Structures are given as structure tokens and as C-alpha cells.
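Residues per chain, in single letters:
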Amino acid sequence: MRVCIVGSGMAGVGVAEELLKVAPTTEVFLFTSDREGYYSRPLLSHGFSRTDIETRIILKKFDSLQRPGLSCFSGCEVQSIEPKEQRIRFRQDGKTTEQSYDKLVLATGSEAAIPAAWNPYRAHFRVLNSLADLMELRRHRGEMMSRGSQVHWAVVGGGLIGCEVASDLVKAGDRVTLYHVVDRLMERQLSVEASARLLAHLREMGIEVRLNCEVSAFGTDEKRSWLEMAKERHEYDGVLVATGFRPRIELAKAAGLTTDRGIVTDAYLRTSDPHIYAVGDVAQVRGEALYAFVLPVRNQAVWLAKHLVGQVGEPWVPPVFKPMAKIHGFKMD
Amino acid sequence: MQSVYRKFVCVVCNHIYDEALGDPETGISPGTKWEDVPETWTCPDCGASKADFEEMK
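Residues numbered from 1 in each chain as written. Chains lettered and ligands numbered in written order. Predicted model: local features only at pLDDT ≥ 70, side-chain atom pairs only at ≥ 80, totals over all residues. Heavy atoms only, no water.

Asks: What exactly am I supposed to notice about the interface of chain A and chain B here?
Replies: It is common to give the size of an interface as the accessible area lost on bringing the parts into contact. Taken together, the contact pairs 15 residues of chain A with 16 residues of chain B. For the chain A and chain B pair, buried surface summed over both sides reaches about 1,200 Å², with 52% attributable to carbon and sulfur atoms. Together, Leu295, Arg298 and Met324 of chain A form the three largest contributors to the area buried by chain A at its contact with chain B, with a combined 36%. Taken together, the links from chain A to chain B amount to four salt bridges. Across the pair Arg50 of chain A and Asp45 of chain B runs a salt bridge, and its minimum N-O distance is 3.0 Å. Only helix H1 (10–22) and helix H8 (294–308) of chain A provide two or more residues apiece to the side of chain A that touches chain B. Broken down by element, the residue count for the side of chain A that touches chain B peaks at three residues, all from H8 of chain A. Counted by class, the side of chain A that touches chain B contains eight nonpolar, one polar and six charged residues. (Contact = heavy atoms within 4.5 Å. Buried area = accessible area lost by both parts, 1.4 Å probe. Salt bridge = Lys/Arg side-chain N within 4 Å of Asp/Glu carboxyl O. Helix = DSSP H or I, 4+ residues; strand = E, 2+ residues; numbered from the N terminus. Nonpolar A, V, L, I, M, F, W, Y, C, P; charged D, E, K, R; others polar.)

Following this line, the structure appears as C-alpha cells:
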């Protein structure tokens, strides 16, 4: 059986490696736009306080992931899926090639979701969604530090990632002002009581937290970055926006697969095409929920590999898990 | 001489659980054998499950 996988995050690589464990004769083709290697996305949130992050975050170079049965196509763009012909079309090194599959696994993950009103200012703030983003942020931080004073960041978004990154920047020695649009932090994951505890914890760490703040505009010049709120301008060395994630569904959508917020699947992670599956951040299971946390995504990957080779017939059941936030010194319960 | 303690690595983030050290921050005392770590324990760095660790050899 030939399985093509699009995406090299923990979902895509997880399916690839598990497939070869459970059925070593499977022929796996892994397609990714990444070039540096398979990296640990959860570690992005610790990308400032850990000085060894640049070497540590890469779990495997694509060369070392490659083995008999598993071919990696890195630095490539999958341009289209042709579901009827069961093949994909991809571009690598300026050349377009087709590849046929028996089963296709879409593990295209998610990117930073930016409120539409902020799109005109996209060049004036940064996001932290990929290793490339982290490298760029670290480069910028190094430049600011070389000027000699403490680096002051605005982090816009007091959800899970915003709080994680704010705590990490402070741990690394920077100063942070954290803006959030509603009246409490991490309102999706935490109770009112736990939000209050988190607020106290972040303030204790030295983070200036501003709640109920609607940012209206962003700007930059050679030296400073700023944001505007109620016609007032607040200046920083850098502005980082963390306002949620958006599954990458474009490829699936263009191929005519059913999509909603994510790629819609049934309880078997199967999309509206019987030969195509979706796994990880991008999969909207049973047309309902996205499971964008490490524990369920790993669980999906291991389950899907077994299911594809006929070793499990029962549907995927979400494991019991507690969302975890990597905020220095804070326990969620 | 070979150590009697084993090490396990998280496949998602390379965090290492060393039996000799345990993981005091999550309540696992030094010297705790891998089989005695609760099945509900998760990776302190990334939240992966205990099943997502592999023994380092």
C-alpha cells in the first residue's frame, strides 16, 4: 500500500513512523514545505528562555527521518489533489511532479489566525506559529538586545499561546505588556477562579497585564513598534500577536473535500473522500471538534496508522486529556 | 558498570524522563521506576502521554 502524507508536524510524522512500525512494507511518501527538519512545535513557546533551543527543537533532520519505506520530500509545495485519479501534484526545486496514492493523509496543521481588521497592519507585528517565526523573533530580539537596554514587548492576545510566550519572554529577561480583549485570561481553557490565579501569577512575574483592551492599529519605523488603542499610541521594541489558530484547509477545499473550520472527517478521521484522511490540528472530527493539543493529536496519529493498515476497526475515540499550558511556575489545577 | 536506572524520551519534544531523577515538579520522586509512573502522567514539557515515551538504549 502506498500512503502519501502532507505535512511534517507531529501528526504527519507520527502517522509515517507508526505506519512503518505496524506495517513495515507500507510505502510512505511525506511531503512538507519545511526544510530545516521535523521540529517540536510545542517547544516554540519556550523559544526564548532556552538558550539551546535552536539545536534542541529539531527532533530529526529529514535525512535521518528517511529510511527504507519512507521517502521525505522537503521544501516542497503540494499544489493540488486529484481525488478521482488518487494523485497529488507537488512542486519541488522548480519542478512539478505527480504522485499517486492508495491513501492520502492530510496533516497540514494550522497557522496564526489574525482578526480581519488587523490584516492591513500585518507587516507591523509578528506571530509565533512556526520555527521560521521563532528564528525571526530571536533575530529581532538579538538586535534589540544589542542596543543595550531591556527589550520591551507587547504581546497581544491573552489566550493560551499569548500567556505562554509572555511568561517565557519574561523568564528570558525581557519586559512584557500583555493585552487581552476580554476581562480574563485564557477564558477558553480556564474557570473564572483559575483565570484570576493566572492573572496574579503573571503580574507576580512582572508582566503588565491589560484586560478589556481593543487594539485598533499597529505600526513600525526603523527603531520602534507600536500599537494603538483608543487613539493612544503605545511603543515597544517588538509586537507579537497571538490571537488563535486557523487550520490550513485550502488544499482540501480546492480538491472539493468538505470543510468547515477544519477539514471535516467522520469518526474514522476519513474526509468526504473515502481515500483521504485528515489528522491533527486540521481535522474537524465528526464535523464537530478540533483536537489541537499534543496528547489527542499523538493519539490520532497512532490510531490512524493502525486503522490504515486494518489493525483497528473501531472509530477513533478522543482520549481523556487536560489542556496544558506551559506557563513558567503555573499549574492549571 | 551499567546504571540500573533507565531513561525514556518523549517522541514529541525529546524531554527525557530519567528514573534516577524522577520528576519532582510533577510529584514523581527520584528513583521512581518507569512502570510506577502513573499512566495519567504527561510530559512536563509538551503534555504528551506516558505512552508517547520510548526507552533510550
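Asks: Sorry, what's going on with the confidence of the model for chain B here?
Replies: As a note on interpretation, predicted positions should not be read in detail where pLDDT is low. On average, chain B scores 92 in pLDDT, and the residues at 70 or more come to 95%. Here the predicted complex scores 0.94 on pTM and 0.88 on ipTM. (pLDDT = per-residue confidence, 0-100.)

Asks: Help me understand helix H4 (residues 131–145) of chain A, please; the structure alone is not making it clear to me.
Replies: Since there are 3.6 residues in each turn of an α-helix, residues three or four apart along the chain are aligned in direction. Residue and element names in this part refer to chain A. Between the first and last C-alpha of H4 there are 21 Å, a value that for 15 residues agrees with the 21 Å anticipated at 1.5 Å per step. Residues of H4 that are buried include every one of Leu131, Leu134, Leu137, His140, Arg141 and Met144, and no others. For H4, the secondary structure elements touched by its buried residues are strand S3 (38–39), helix H2 (53–56), strand S4 (58–60), strand S11 (152–156) and strand S17 (238–241). (Expected span 1.5 Å × (residues − 1). Buried < 20%, exposed > 50% of the residue type's maximum accessible area, 1.4 Å probe, protein only.)

Asks: Sorry if this is basic, but what is going on with unusual backbone geometry here?
Replies: What you tend to see is this: most non-glycine residues have negative phi, and most peptide bonds are trans. Residues and elements named next belong to chain A. For Asn212, which is not a glycine, the phi torsion comes out positive at approximately 55°. Structurally, Asn212 can be placed in the loop between strand S13 (208–210) and strand S14 (217–220). Backbone geometry places Lys231, a non-glycine residue, at a positive phi of 70°.

Asks: What's the story with the pattern of salt bridges in this structure? I'm lost.
Replies: Any two side chains of opposite charge can pair, so long as their charged atoms come close to each other. Residue and element names in this part refer to chain A. Taken as a whole and assessed by the stated rule, the structure comprises 32 salt bridges over all chains. Of the charged contacts in the structure, one is a salt bridge between Arg224 and Glu235, with a shortest N-O distance of 3.4 Å. One end of the pair, Arg224, is in the loop between S14 and strand S15 (225–229); the other, Glu235, is in strand S16 (residues 232–236), with 11 residues separating them in the sequence. According to the relative accessible area criterion, Arg224 is partly exposed, its value standing at 27%.

Asks: Which parts of the structure should I look at to understand the packing of H1 of chain A against H8 of chain A?
Replies: How two helices sit against one another is set out by the angle between their axes and by the gap between those axes. All names here are of chain A. Running from N to C, H1 and H8 cross one another at 40°; their axes reach a closest spacing of 8 Å. In the packing of H1 onto H8, the handedness of the crossing is right-handed. Two secondary-structure elements touch here, H1 through Met10, Ala11, Gly14, Val15, Glu18, Leu19 and Val22 and H8 through Val294, Val297, Arg298, Ala301, Val302, Leu304, Ala305, Lys306 and Leu308. Tallied by class, residues from the contact of H1 with H8 come to 12 nonpolar, one polar and three charged. (Axes fitted to C-alpha atoms, helices over the stretch in contact; angles between N-to-C directions. Left-handed = near helix turned anticlockwise from the far one by under 90°.)

Asks: Help me understand the sheet that holds strand S5 (residues 70–73) of chain A, please; the structure alone is not making it clear to me.
Replies: Within a beta sheet, neighbouring strands are joined by backbone hydrogen bonds and run either parallel or antiparallel to one another. Residue and element names in this part refer to chain A. Across the sheet, which stays open at both edges, the five strands sit in the order S5-S2-S1-S9-S20 with parallel pairing between neighbours. Unpaired on one side and paired on the other, S5 and strand S20 (276–278) mark the two borders of the sheet. The average angle at which neighbouring strand axes cross in this sheet is 20°, direction not considered. Taken together, the four bridges between strand S1 (residues 2–6) and strand S9 (residues 103–106) define a ladder with parallel strand orientation. Note on S9: the bridge partner recorded for Ile5 is Val105. Across the sheet, H1 touches S1, strand S2 (27–31), S5 and S9, and the angle it forms with S2 is around 165°. (Pairing = 2+ DSSP bridges.)

Asks: Is there a simple way to explain the pairing of S9 of chain A in this structure?
Replies: The side chains of a regular strand alternate, residue by residue, between the two faces of the sheet. Residues and elements named next belong to chain A. The side-chain alternation of S9 yields two buried faces, one formed by Lys103 and Val105 and the other by Leu104 and Leu106. In this structure, S9 lies alongside S20, joined through three bridges in parallel fashion. Among the inter-strand pairings, Val105 is bridged to a residue of S20, identified as Tyr277.

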